[in-house]
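Survey of secondary and tertiary structure
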Amino acid sequence: MRKKIVAGNWKMNTTPVEGVELFKEVAAKKGEVCSCVNFIVAPPYTHLSEIVKLSRGTGIGVAAQDCATEAKGAYTGEVSAQMIASLGVEYVILGHSERRQYYGETSATLNKKMEQAYANNLAPIYCVGENLEEREAGKHFDVVRKQIEEVVFNLTPDQFKKLIIAYEPVWAIGTGKTASAEQAQEIHAFIRKVLAEKFGDAANETVILYGGSCKPGNAAELFAKADVDGGLIGGAALKAEDFIAIGKGFSK
Ligand SMILES: O=C[C@H](O)COP(=O)(O)O
C-alpha cells in the first residue's frame, strides 16, 4: 500500500508570521482528516526553522522548495541542502516548473541538486510535466519520459526508494484548469511504467502526486484514481481550510 500524501507548496507567499499562523491552523485541523493521509508543507526558506520546531509532534512533514546545486562556498543567495537538512527538514521540492521556466533549470542542474539532496538525507519531491504547447502537440508522454530518464534514471535503487514524483502539467498550474482525473491517471500510470523500466517492482511503491489547480472540489475524484497518490497543492494550500478539505479527498 503506497503512502497517501498531500503536500502544500506555499511558493513565495506569506511572511514568517503569517506562515506560522497558517501552519498552526493546518495542525489544528489535521485531526479532521483520515490519519492515513500524510501532510507536508513547503514554506519559504525564511520560515523553515520556526515551522520545523512547530511541526514536532504534529505528524506534518516539512519540505524546502529548492536547494543549491553546490555543497558550500561563494554562491551568493543560495541555500545548501546541508543548511536545510540541519534544521530538521525532511523533503525538498526539485524541478518545479517555475524553477525550470523562470530560472532556467535543466536536467544537468537538477542532477546536481538531487546529488546534494541525497547527500544530506533529504527526500526529493521531483516535479515533471509538460506545457500547453507540448500537450496540444501530443508530446506530453515524451516530455515527461525525458524529464525522468535524464534525472531519475541516474539514481541508485536505494536512492530511488526515497523519491516522490509530482506530475504537474504546466497548463494547469495556477490557471484554474485541472487535468481531468482520467488525464491524470493516464500519465501517472505512464510515469510508473517508465520508472519500472529502470527500477522494476520498486516503481509500484513510488508515490506520484498530482499538482495543478487541485482544490477541495476536485481532489476526491483525482485521488480516487489508482496511480494518483495525492497532490502537490499551490494556491489552495494557502488557506488551511482548503488544504485540509483536499486531504479529506482521501477520507471516504
Ligand atoms: O506546486 C504546486 C503547483 O505548482 C500547483 O499550484 P496550484 O495548485 O496553484 O495550481
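The coordinates are above.
Residues numbered from 1 in each chain as written. Predicted model: local features only at pLDDT ≥ 70, side-chain atom pairs only at ≥ 80, totals over all residues.

With that out of the way, let us pick up the site of the ligand. The environment of the ligand is formed by 14 residues, the closest being Asn 9, Ile 173, Gly 211, Gly 234 and Gly 235. Split by residue class, the shell around the ligand holds five nonpolar, eight polar and one charged. (Near = placed C-beta within 6 Å. Nonpolar A, V, L, I, M, F, W, Y, C, P; charged D, E, K, R; others polar.)

In this section: helix α9 (residues 181-199). Here α9 is 19 residues long and its end C-alpha atoms lie 26 Å apart, about the 27 Å a rise of 1.5 Å per residue gives. Inspection of α9 places Ala 184, Ile 187, His 188, Ile 191, Val 194, Leu 195 and Phe 199 among the buried residues, and these make up the whole buried set. The buried residues of α9 all sit within an arc of 120 degrees when viewed along its axis, so they share a single face. For α9, exposure combined with an orientation more than 90 degrees from the buried face picks out Glu 182, Lys 193 and Glu 197. In the core, the buried residues of α9 are packed alongside α7 (140-149), α8 (157-162), β6 (164-167), β7 (207-210) and α10 (216-223). One or two residues past the end of α9 sits Gly 200, with phi positive at roughly 60 degrees. (Helix = DSSP H or I, 4+ residues; strand = E, 2+ residues; numbered from the N terminus. Expected span 1.5 Å × (residues − 1). Buried ≥ 20, exposed ≤ 12 C-beta atoms within 10 Å, placed from the backbone. Arc of directions from axis to C-beta. Contact = placed C-beta atoms within 7 Å.)

As a further point, take the packing of helix α1 (residues 16-29) against helix α11 (residues 240-247). It is at 9 Å that the axes of α1 and α11 come closest, and there the two elements cross at 35 degrees. Regarding α1 and α11, the two cross each other, and that crossing is right-handed. Here α1 contributes Leu 22, Glu 25, Val 26 and Lys 29 to the contact with α11, which in turn contributes Ala 240, Phe 243 and Ile 244. For the contact of α1 with α11, a count of residues per class yields five nonpolar, no polar and two charged. (Axes fitted to C-alpha atoms, helices over the stretch in contact; angles between N-to-C directions. Left-handed = near helix turned anticlockwise from the far one by under 90°.)

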